[in-house]
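The lines below spell out each chain.
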Amino acid sequence: AQKITQTQPGMFVQEKEAVTLDCTYDTSDQSYGLFWYKQPSSGEMIFLIYQGSYDEQNATEGRYSLNFQKARKSANLVISASQLGDSAMYFCAMRGGNSYDKVIFGPGTSLSVIP
Amino acid sequence: DSGVTQTPKHLITATGQRVTLRCSPRSGDLSVYWYQQSLDQGLQFLIQYYNGEERAKGNILERFSAQQFPDLHSELNLSSLELGDSALYFCASSRLGAQSEKLFFGSGTQLSVL
């Protein structure tokens, strides 16, 4: 069975600093996709970044980058130059390699940015 | 605005009752997903539909059922409600449900069972 683990329930980071949110996953699929979503206190789910298991380069989207280590089955999210608006819950998610597989989410990490 | 519409935004009901949550996916999206988010369980996958047919099932209780209609909107029916069913229910959609497609989420329905 597929599983996502996020070992950091809560984290603090100073404004303008970089922060890494950990995500490890378990799957027997060779092909899969990894996602990160942000959920601010207002409740909406916001897509941040995607990494395919066969992508040779780590994904980047503006201040977000994904540190993908396939052999270690980890897909850590790096946020550079943290802003107060980055304070939110962050979820790592995975979709397996079978066509139209479900998307499962990790338990999330609560990030607080300190001025 | 994600383009996914969920109604109602809030629902307050009593134990033992039945409710229906509605979701309209983004225009052109064929795949609809339902999730339950509670404080102690995180974001739990319930069920996925693709073009009217059930595609994948998660830990959905037998008291819960869903369907996707020919116009692609979806409904999640929750019956014999219990206090523990209180949660935020999200609907999400994607074009085909392919591996690289991100999910677009609605704003959720907050269900309170009293």
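Draft legend 1. Main features of the nonpolar core. Counting 26 residues, the largest nonpolar core has A:L21, A:W36, A:L77, A:Y90 and A:L111 as its most contacted members. Here this core gets four residues from one element, more than from any other, and that element is strand β10 (residues 88-95) of chain A. In terms of nonpolar packing, the next biggest core, distinct from the first, is built from 22 residues, B:Y49, B:I60, B:A87 and B:V113 among them.

Draft legend 2. Fine view of the environment of B:A98. All names here are of chain B. Within the secondary structure, A98 is located in the loop between β9 (87-94) and β10 (104-105). According to the relative accessible area criterion, A98 is partly exposed, its value standing at 27%. Between the C-alpha atoms of A98 and S31, which are 67 residues apart in sequence, the distance is 9.4 Å.

Draft legend 3. Quick peek at the state of the cysteines. Scanning the model with the defined rule gives two disulfides over all chains in all. The disulfide partner of A:C23 is A:C92, and the gap between their sulfur atoms is 2.0 Å. Judged by the sign of its S-S torsion, about -60 degrees, the cystine formed by A:C23 and A:C92 is left-handed. Of the two residues, A:C23 is situated in the loop between β3 (19-21) and β4 (24-26) and A:C92 in strand β10; the sequence distance between them amounts to 69 residues. For the pair A:C23 and A:C92, one class covers both residues: buried. Here B:C23 pairs with B:C91 through a disulfide, and the sulfurs are 1.8 Å apart. Negative torsions about the S-S bond denote left-handed disulfides, and the value of about -50 degrees found for B:C23 with B:C91 makes this one left-handed. A residue pair is termed long-range when its members are at least 10 positions apart, and B:C23 in strand β3 (residues 19-24) and B:C91 in strand β9 qualify at 68 residues. The same class applies to B:C23 as to B:C91, namely buried.

Draft legend 4. Structural context of the side chain of B:H73. Residue and element names in this part refer to chain B. Looking at the element boundaries, H73 is found in the loop between β7 (64-68) and β8 (74-78). Owing to a relative accessible area of 9%, H73 belongs among the buried residues under this scheme. A polar atom in the side chain of H73 sits 3.2 Å from the side chain of R22. Among the polar contacts listed, one links the side chain of H73 to the side chain of E75, at a separation of 3.4 Å. With sequence-adjacent residues up to four places away left out, H73 is seen in contact with R22, C23, S24, P25, Q67 and Q68.

Draft legend 5. Just the pairing of strand β11 (residues 109-113) of chain B, in detail. Residue and element names in this part refer to chain B. Covered by surrounding structure in β11 are T109, L111 and V113 only, the residues Q110 and S112 on the alternate face being uncovered. Pairing between strand β2 (residues 10-13) and β11: four bridges, direction parallel. Counted as the bridge partner of L11 is L111 from β11. Looking at chain direction, β9 and β11 are connected through three bridges and run antiparallel. Considered in β11, the bridge of Y89 is made with T109.

Draft legend 6. Representation of the packing of aromatic side chains within the structure. For the structure on display, the rule yields 14 aromatic pairs over all chains. Seen from their ring centres, A:Y37 and B:F105 are 5.5 Å apart, and the 75 degrees between their planes marks the pair as edge-to-face. Here A:Y37 is found in strand β5 (residues 33-39), whereas its partner B:F105 is found in strand β10 on a different chain. Each member of the aromatic cluster is reached from another via a ring pair, and the members are A:F35, A:Y37, A:F47, A:Y50, A:F91, A:F105, B:Y35, B:F45, B:F90 and B:F105. In this arrangement the basic side chain of A:R63 is found over the ring face of A:Y64, its NZ or CZ atom lying 5.7 Å from the centre. Across the ring face of B:F104, the terminal group of B:R26 is positioned such that the distance to the ring centre comes to 3.6 Å.

Draft legend 7. Up close: the sheet that holds β7(B). Residues and elements named next belong to chain B. Taken in spatial order, the four strands line up as β1-β3-β8-β7 in an open sheet, and their pairing is antiparallel. The open sheet has two edge strands, β1 (5-7) and β7, and neither has a second partner. The mean angle between the axes of side-by-side strands here comes to 15 degrees, regardless of whether they run parallel or antiparallel. Direction of pairing for β3 relative to β8: antiparallel, over a ladder of five bridges. What sits directly across from R22, in β8, is E75.

The rules we used
Residues numbered from 1 in each chain as written. Chains lettered and ligands numbered in written order. Predicted model: local features only at pLDDT ≥ 70, side-chain atom pairs only at ≥ 80, totals over all residues. Heavy atoms only, no water. Core = buried A, V, L, I, M, F, W, Y, C linked by side-chain atoms within 4.5 Å. Buried < 20%, exposed > 50% of the residue type's maximum accessible area, 1.4 Å probe, protein only. Helix = DSSP H or I, 4+ residues; strand = E, 2+ residues; numbered from the N terminus. Disulfide = S-S within 2.5 Å. Polar contact = N/O pair within 3.5 Å; in protein donor to acceptor, adjacent residues only side chain to side chain. Contact = heavy atoms within 4.5 Å. Pairing = 2+ DSSP bridges. Phe/Tyr/Trp six-rings, centres within 6.5 Å; stacked < 30°, edge-to-face > 60°. Lys NZ or Arg CZ within 6 Å of the ring centre and 35° of its normal. Axes fitted to C-alpha atoms, helices over the stretch in contact; angles between N-to-C directions.

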